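The chain contents come next:
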Amino acid sequence: MMFFGRQCPALPAAVGENMLTPTLKDPIDLHHKLERERYRAFHSQNPLHKADHLYNFCVTALSARDYLFESLGWNDSQKEQFSKTWNQKAVCVACSEIANSSKHCYIRDRKTQCIKNPKTKSVTSGVSSIVDIYEARDGSLHTEQKDDNPDFDIVLADGSIVQVYEFTESIIRFWRQLLIDHGFKCSEQSFNDLSGATT
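Residues numbered from 1 in each chain as written. Predicted model: local features only at pLDDT ≥ 70, side-chain atom pairs only at ≥ 80, totals over all residues. Heavy atoms only, no water.

Trainee: Quick question: what am I supposed to make of the side chain of Arg-38 here?
Mentor: As for its position among the elements, Arg-38 is in helix 2 (residues 27-43). On the accessibility criterion, Arg-38 (13% relative accessible area) is buried. (Helix = DSSP H or I, 4+ residues; strand = E, 2+ residues; numbered from the N terminus. Buried < 20%, exposed > 50% of the residue type's maximum accessible area, 1.4 Å probe, protein only.)

Here it is in structure tokens:
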């Protein structure tokens, strides 16, 4: 069996399938999971749960990188070039630092393993304004503004402040464009899949 140009021993069918993550088979599946994590993070009204969803979003964004590397069979040089591109964007750096902090407690230097200070300045509780739109039985639309929606203020390395929706949307746009640039078709998932609706 050839695997990205390397000769590998044949595996039994059950082992060759990704049995531990049956819904995640390729980078597009990770991209859709990222969209679901964004949806959950944005819509959560509980600050603790919103934080959990934000952490999960960031971890998924880093997992998408590994799926892309494997799918394209990238060598170390190509991976390093990707890392340079990723690290040029303060929002991507914040995503990595949030994910690594939530997984490993601290951010460490890759070479020395010493704890280092993050470039991202802070992630703190905040509030934002949102507008809910409701459709009445007669088809008319009604809006309701909420000015106390739980949110997080993410202060990036460059000093700019983004909240959860803008932050997650920036990461999703980055991934969507990267996937398109490498020949992947970024199909839309259904609203039921996105939102978890069962009807």
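Anyway, onward from the coordinates.
Trainee: How should a nonpolar patch on the surface be read in this particular structure?
Mentor: Together, Val-131, Ile-133 and Leu-141 make up an exposed nonpolar region whose accessible area comes to about 310 Å². Secondary-structure assignment places Leu-141 in strand 4 (residues 141-155). (Patch = residues over 30% accessible without salt bridge, like charges linked within 9 Å, V, L, I, M, F, W, Y side chains within 5 Å. Areas by Shrake-Rupley, 256 points an atom, 1.4 Å probe, with all protein chains shown as cover. Salt bridge = Lys/Arg side-chain N within 4 Å of Asp/Glu carboxyl O.)

Trainee: I'm lost on helix 3 (residues 47-72) in this one. Help?
Mentor: Counting along an α-helix, one turn takes 3.6 residues, and residues three or four places apart therefore face a common direction. For helix 3, which comprises 26 residues, the first-to-last C-alpha distance of 38 Å matches the rise-based estimate of 38 Å (1.5 Å per residue) to within 8%. Between the side-chain oxygen of the N-cap and the backbone nitrogen of Leu-48 there are 2.8 Å, and the N-cap of helix 3 in question is Asn-46. Immediately downstream of helix 3, the backbone of Gly-73 shows phi near 65°, a positive value. (Expected span 1.5 Å × (residues − 1). Polar contact = N/O pair within 3.5 Å; in protein donor to acceptor, adjacent residues only side chain to side chain.)

Trainee: What am I meant to see in the environment of Arg-65 here?
Mentor: With respect to the helices and strands, Arg-65 occurs in helix 3. Sequence separation between Arg-65 and Phe-82 is 17 residues, and the spatial gap between their C-alpha atoms is 9.0 Å.

Trainee: Whenever I open this one, the confidence of the model for the protein chain confuses me. Can you help?
Mentor: When pLDDT drops low, the exact placement of atoms in the prediction is not to be read closely. For the protein chain, the mean per-residue pLDDT works out to 85, and 84% of the residues sit at or above 70. Model confidence for the protein chain, summarised as mean pLDDT per element, is weakest for strand 1 (residues 2-3) at 38 and strongest for strand 5 (residues 161-162) at 96. Under a pLDDT of 50 for its full length, residues 1-16 has, in the predicted model, 15 contacts with residues more than four places off or in other chains. (pLDDT = per-residue confidence, 0-100. Contact = heavy atoms within 4.5 Å.)

Trainee: Please explain helix 4 (residues 76-87) as it appears in this structure.
Mentor: Taking 1.5 Å of rise per residue, 12 residues should cover 16 Å, and helix 4 covers 16 Å from first to last C-alpha, within 8% of that figure. The opening residue of helix 4 is Asn-75, an N-cap whose side-chain oxygen sits 3.0 Å from the backbone nitrogen of Ser-77.

Trainee: Would you mind showing me how to read the sheet that holds strand 4 here?
Mentor: The strands that make up a sheet pair up through hydrogen bonds in the backbone, lying either parallel or antiparallel. The strand order 3-4-5 describes an open sheet built from 3 strands, whose pairing is antiparallel. Looking at strand neighbours, the two that pair on one side only are strand 3 (122-135) and strand 5, the edges of this open sheet. As judged from the 13 bridges shared by strand 3 and strand 4, these two strands associate in the antiparallel manner. Counted as the bridge partner of Val-131 is Gln-145 from strand 4. (Pairing = 2+ DSSP bridges.)

Trainee: What is the right way to look at the pairing of strand 4 in this model?
Mentor: Side-chain direction in a regular strand flips from residue to residue, so the side chains alternate between the two faces of the sheet. In sequence, strand 3 turns back onto strand 4 through a hairpin of 5 residues, with Gly-139 there showing a positive phi of about 95°. In terms of strand pairing, strand 4 meets strand 5 through 2 bridges, oriented antiparallel. Counterpart to Ile-154 in the pairing with strand 5 is Val-162. Turn length for the strand 4-strand 5 hairpin, with the two strands adjacent in sequence and antiparallel, is 5 residues, and the turn residue Gly-159 shows positive phi of about 90°.

Trainee: Is there a simple way to explain the packing of aromatic side chains in this structure?
Mentor: Aromatic ring pairs: the centre-centre distance and the angle between the two ring planes describe each pair. Counted under the stated rule, the structure contains 12 aromatic pairs. Centroid distance Phe-69 to Phe-82: 5.4 Å. Interplanar angle 85°. Geometry classified as edge-to-face. Taken together, the residues Phe-69 in helix 3 and Phe-82 in helix 4 connect sequence positions 13 residues apart. For the pair Phe-69 and Phe-82, a shared accessibility class is recorded, and that class is buried. These aromatic residues form a ring-pair network of at least three members: Phe-69, Trp-74, Phe-82, Trp-86, Phe-174 and Trp-175. (Phe/Tyr/Trp six-rings, centres within 6.5 Å; stacked < 30°, edge-to-face > 60°.)

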